Amino acid sequence: MYPIWIVPYLTSGLVIGLIASFHILPSHLAVGAFWFNVYIERKAYRERRPELLAFVKRYTLLILIFCFVFGSLSGVGIWFSATVASPRGLSALIHNYVWGWATEWVFFLIEVATIYVYYYTFGKVDERTHLRIGYLYAVAAWISMIIITGILAFMLTPGKWLETGKFFDGFFNPTYWPQLAARTFFMFGIAGLYALIISATLKEREVAREVARLAGGWGFAGLLLGGLSSYWWLKKLPPEAQDFLFGGTLPYLSVLLKVALLSGGLVALYFLVFGILFPRLNNLPLAFLVLLVLFLGILAGEGLREGLRRPYIVAGFMYGHQVVGADLPAKGIKSEVEALNEEGYLSRLGYLPPELRRITDENRLTVGRILVAHQCANCHALSRKGLRSLPGLLEGLGLTDPEDLASFLEGLDGYPYMPPFVGTEEERLAAGAYLATMVSKTP
Ligand code: HEC
């Protein structure tokens, strides 16, 4: 085990979630936008309407700056935050998919190179060559999505990988195709919205209106088909996840679903009214407002997707607190739960000074805090305020006594969305003693 990262109020899991949700805006724009861009560019050449190129140039500059500065930074941010929040989870992913990522980065490099070439060769190479550079970018970007989706979907539904441990069994997993379809269509929705933002800044009103109408059409179709693909995805979810969502086991997930649906609906309405029907009425403040609504929808959708995986990082394999919870004979991996229950969780915390590796009367609370931090803090704030506040929830259950708290920990995996508490009885008692210091004795 590695040292643990405690984030006050937010929890480390939410930090990754916030960065990752923001990352969707530039990353899906980077992938989707060029299809629309080259479509308009081709139209400009075919119909001999150079005025349309004003849009293409400005749109490309937006992609260049927004995606390749903020997108790249937030992408690295996901790596950094995931590395400290869940080092073993990330390690499990890398051990399986290092070549997947390597392949993705090859295509990412092509993206980085071609966008600069495309932007700086405007008017300097002939039209067909320029369009080809655009297509090269669009295809390379989409291939990077084809690859990363396999790894993302693997975490929720590893499928046959749980028996075979094989790369492609995990990659082409039960939710791979619906998720790839949803992301592909949603990327057109996101691209459509940015195109409407850019069109609102164009001086030439005629061009602005035409681009707005086309972007509205792309965006509307993208959201509609993305919504249908998401429905397909929901149908492919394993029964436990369906139950979290529709069976009321985790009510907050159905709230997130409603928020995602509502914001998707509002953005679609915007595409219809201010894009397709009355592009004249589109304007910059409104377009930014809609971007905010879209972002809320993405936050909710990502929260939902991540929440459905509970209590796991890799479903059916590694728990949210980074303990391997199942055998994987194909790779010679054994569940760690039994071993840790026998030898003690502390036996694996190599970074602790020797005096904290054995529980004594003096260090009981300190060790208890370390155990709780390791096994609860990925999902729960340890403070009274914050995400899923642990003191708040424990008080809600009326648990205040150290021994009661320790026996609560023993039954933790009775909750379908929480991993078991792992460790010896002595460790459980220490964790219970620490939890008792968190809650107030007077109700
Ligand atoms: C993988 C994430 C995860 C981990 C790790 C986790 N929990 Fe939870 N816990 C949840 C979720 C999700 C809920 C439901 C909260 C809600 O309904 O909003 C929850 C709810 C609870 C509740 C309220 C239960 C009820 O009946 O209302 C308590 C108490 C709790 N957790 C304690 C703990 C303790 C103590 C630990 C560490 C030993 C822990 N949890 C570890 C995700 C987790």
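See above for the structure.
A quick note: this is a predicted structure, and the numbers were derived from the prediction, not measured. (Residues numbered from 1 in each chain as written. Predicted model: local features only at pLDDT ≥ 70, side-chain atom pairs only at ≥ 80, totals over all residues. Heavy atoms only, no water.)

Draft legend 1. Broad picture of the nonpolar core. Of all hydrophobic cores here, the largest spans 79 residues; its most connected members are Phe 55, Tyr 59, Ile 63 and Tyr 194. Sorting elements by how many residues they give to this core places helix α1 (residues 12-46) first, with 13 residues. With residues near it in sequence (within four places) discarded, Tyr 194 still touches Leu 25, Leu 29, Tyr 59, Leu 62, Phe 66 and Leu 291. Within the second largest apolar cluster, 34 residues are counted, among which are Leu 340, Leu 352, Cys 376 and Leu 390. (Core = buried A, V, L, I, M, F, W, Y, C linked by side-chain atoms within 4.5 Å. Buried < 20%, exposed > 50% of the residue type's maximum accessible area, 1.4 Å probe, protein only. Helix = DSSP H or I, 4+ residues; strand = E, 2+ residues; numbered from the N terminus. Contact = heavy atoms within 4.5 Å.)

Draft legend 2. Highlighting helix α13 (residues 364-376). For α13, built from 13 residues, the straight-helix expectation of 18 Å at 1.5 Å per residue is met to within 8% by its first-to-last C-alpha distance of 17 Å. Looking at the buried positions of α13, the neighbouring elements they touch are α14 (390-396) and α16 (425-438). (Expected span 1.5 Å × (residues − 1).)

Draft legend 3. Quick peek at the pattern of salt bridges. Under the definition given, this model contains 15 salt bridges. Two residues, Arg 88 and Glu 336, come together in a salt bridge whose shortest N-O distance is 2.7 Å. Placement of the pair is Arg 88 in helix α3 (residues 87-120) and Glu 336 in the loop between β2 (318-319) and α12 (337-343), with a sequence separation of 248 residues. The salt bridge partner of Arg 348 is Glu 343, with a shortest N-O separation of 3.8 Å. Residue Glu 343 is classed as exposed on the basis of its relative accessible area of 52%. Through salt bridges that share partners, Lys 43, Glu 47, Arg 49, Glu 51 and Glu 210 make up one connected network. (Salt bridge = Lys/Arg side-chain N within 4 Å of Asp/Glu carboxyl O.)

Draft legend 4. Representation of the site of the ligand. In the vicinity of the ligand, 19 residues are found, and the nearest of them are Cys 376, Cys 379, His 380, Tyr 415 and Met 418. His 380 places a polar side-chain atom, nitrogen or oxygen, 2.7 Å from a nitrogen atom of the ligand. The side chain of Tyr 415 places a nitrogen or oxygen atom 2.6 Å from an oxygen atom of the ligand. Looking at the shell around the ligand, the elements with two or more residues in it are α13, α14 and α15 (402-410). Among the elements that line the shell around the ligand, the one with the most residues is α14, at three residues. (Near = heavy atom within 4 Å. Polar contact = N/O pair within 3.5 Å; in protein donor to acceptor, adjacent residues only side chain to side chain.)

Draft legend 5. Region of interest: the coordination of the iron atom of the ligand. Within the protein, the atoms that donate to the iron atom of the ligand are His 380 (NE2) and Met 418 (SD), at distances of 1.9 to 2.1 Å. In this structure, the iron atom of the ligand is coordinated by six donor atoms arranged in octahedral fashion, with angles at the metal of 87 to 179°. Highlighted residues: His 380 in the loop between α13 and α14 and Met 418 in the loop between α15 and α16, separated in sequence by 38 residues. Of the two residues examined, His 380 and Met 418, each falls in the buried class. (Donors = N, O, S within 2.8 Å, 3.2 Å for Na, K, Ca; no water. Tetrahedral: all angles 85-135°; square planar, octahedral: opposite > 155°, others 65-115°.)

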